[in-house]
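Letter by letter, the chains look like this.
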Amino acid sequence: MQNNIQIQRETNIKTMLANKSKMIQSILGDKKKSDNFTATALQIALNPDLKDCTEESIINCLVGAAMLDLNPDRNIGQVYIYKYGAVATLDVGYKGYLTIYQRAGYEIRTFPVFKNDDFSVYFDGWEMKYNLVPNLEDRDLGNFDWEYANLKGILVVSKDLITNEFKRDFIAQKVLENMRLSSPNQKPNQYDKDAVIIQRKKDKQPVGIWWNWYIDMCSKSAIKKFKNQLAIRNKEDLITMVDMLDNHKSIDFEATKEKGIIIEAKVSEEKQTKPKSL
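Everything in this summary refers to the structure shown in the same document. Note that this is a predicted model, so its numbers are computed, not measured.

Basis of the calculations
Residues numbered from 1 in each chain as written. Predicted model: local features only at pLDDT ≥ 70, side-chain atom pairs only at ≥ 80, totals over all residues. Heavy atoms only, no water. Helix = DSSP H or I, 4+ residues; strand = E, 2+ residues; numbered from the N terminus. Rg over C-alpha atoms; globule rule 2.2 N^0.38 Å. Buried < 20%, exposed > 50% of the residue type's maximum accessible area, 1.4 Å probe, protein only. Contact = heavy atoms within 4.5 Å. Areas by Shrake-Rupley, 256 points an atom, 1.4 Å probe, with all protein chains shown as cover. Lys, Arg positive; Asp, Glu negative; His and termini not counted. Charge placed at Lys NZ, Arg CZ, Asp CG, Glu CD. Axes fitted to C-alpha atoms, helices over the stretch in contact; angles between N-to-C directions. Parallel < 35°, antiparallel > 145°, perpendicular 65-115°, else oblique. Nonpolar A, V, L, I, M, F, W, Y, C, P; charged D, E, K, R; others polar. Core = buried A, V, L, I, M, F, W, Y, C linked by side-chain atoms within 4.5 Å. Phe/Tyr/Trp six-rings, centres within 6.5 Å; stacked < 30°, edge-to-face > 60°. Lys NZ or Arg CZ within 6 Å of the ring centre and 35° of its normal. Salt bridge = Lys/Arg side-chain N within 4 Å of Asp/Glu carboxyl O.

### A closer look at the overall build of the chain
- Scanning the chain from N- to C-terminus turns up 13 helices and seven strands.
- Relative to the 2.2 N^0.38 estimate, which gives 19 Å for 278 residues, the radius of gyration of the chain is 20 Å and therefore close to what a compact globule would have.
- Seen along its three principal axes, the alpha-carbon backbone of the chain occupies a region of about 65 × 45 × 35 Å.
- Within the chain, buried positions represent 42% of all 278 residues.
- Considering only contacts in the chain between residues 6 or more positions apart, those separated by 24 or more positions represent 62%.
- Entry remark: accessible area of the chain is about 15,200 Å², with carbon and sulfur atoms responsible for 49%.
- Treating the 41 positive side-chain charges of the chain as one cloud and the 38 negative ones as another, the clouds have centres 3 Å apart.

This is the structure:
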């Protein structure tokens, strides 16, 4: 019975993606690029982590990734699609942020600052100045426990690709942690089943993507905090969509594409908690 349900679900998703192929090609503007995107999208859609999500919400996230022109492969790190209740949710990752803001005219770089680095901040009478000498030899990157315990914050540097103006700011870990804890997927909720996840959330420890990619997620949050210093001249629609996703708002990407304006999706409580019957 379970195999039959899985087979039917795979068939439904393949059919829904096929029905969206012309829309995706129209969005991406290139058939080869569209075909590659669709092939990757199918693998993402059939990910076991999303098996309890409604098929419609998964497809909507994939259309959203196409509209942002970001690769949905989570290994690339541009966007992530994760489960929240019975709904798939699209989240723009650190590398997606860098890509979007580069298209908007800014090159942004982030530098994690750890407790064992030589880092100083001073005020020169006009602006804050930062000096970082990283202790690369003693860093244990990739070890979550070490990264979490030793991160001081993220140094963000931007370059305006038109004026060549540089801006810098340091975002402390405490600020980044407050931003993390405001995210719904970091708070205890009725959908949590795993005992480890439940306990980590009680202890206010990172879970999910924050646990797996802590420095990248801190870097993304630092850019989110920093971005208000930037004067956006183009790609305002993409920036607005990214802002909405960051503020935990759902977007109806298909309706947005058809109407030419950003349409916020209305997700009912029933759809959040009850997967579609197959």
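### Section: the packing of helix α7 (residues 173–181) against helix α10 (residues 214–226)
- It is at 10 Å that the axes of α7 and α10 come closest, and there the two elements cross at 95°. In terms of their interaxial angle, α7 and α10 are classed as roughly perpendicular. When α7 is examined against α10, the residues Q173, V175, L176, E177 and M179 are found in contact with a partner set consisting of Y214, C218, S221, A222, K224 and K225.
- In terms of residue class, the contact of α7 with α10 is built from six nonpolar, two polar and three charged.

### Overview of the nonpolar core
- Counting 63 residues, the largest nonpolar core has L62, L68, I81, L90, V92, Y214 and F253 as its most contacted members.
- Every residue in contact with L62, bar those within four places of it in the chain, is listed here: L17, F37, A41, I44, A45, P72 and I81.

### Some details on the packing of aromatic side chains
- Applying the stated rule across the entire model yields eight aromatic pairs.
- Consider the rings of F114 and W146, whose centres lie 4.9 Å apart with planes at 45°: the pair is tilted. With a gap of 32 residues between them, F114 in strand β3 (residues 106–114) and W146 in helix α6 (residues 144–150) connect regions that are remote in the sequence. Here F114 matches W146 in class, with each residue buried.
- Ring geometry for F144 and Y214: centres 5.7 Å apart, planes at 85°, overall edge-to-face. A residue pair is termed long-range when its members are at least 10 positions apart, and F144 in helix α6 and Y214 in helix α10 qualify at 70 residues.
- The class of Y214 is buried, set by a relative accessible area of 1%.
- Through pairs of rings, three or more aromatic residues link up here, namely F144, Y148, W210 and Y214.
- Between the NZ or CZ atom of R200 and the centre of the ring of W211, over which it lies, the distance is 3.7 Å.

### Observations regarding the pattern of salt bridges
- Tallied over the entire structure, the rule returns 17 salt bridges.
- For D69, the salt bridge identified is with R103, shortest N-O distance 3.7 Å. With D69 in the loop between α4 (55–67) and β1 (79–84) and R103 in helix α5 (residues 94–103), the pair connects residues that are 34 residues apart, well separated along the chain.
- For D69, a relative accessible area of 29% corresponds to the partly exposed category.

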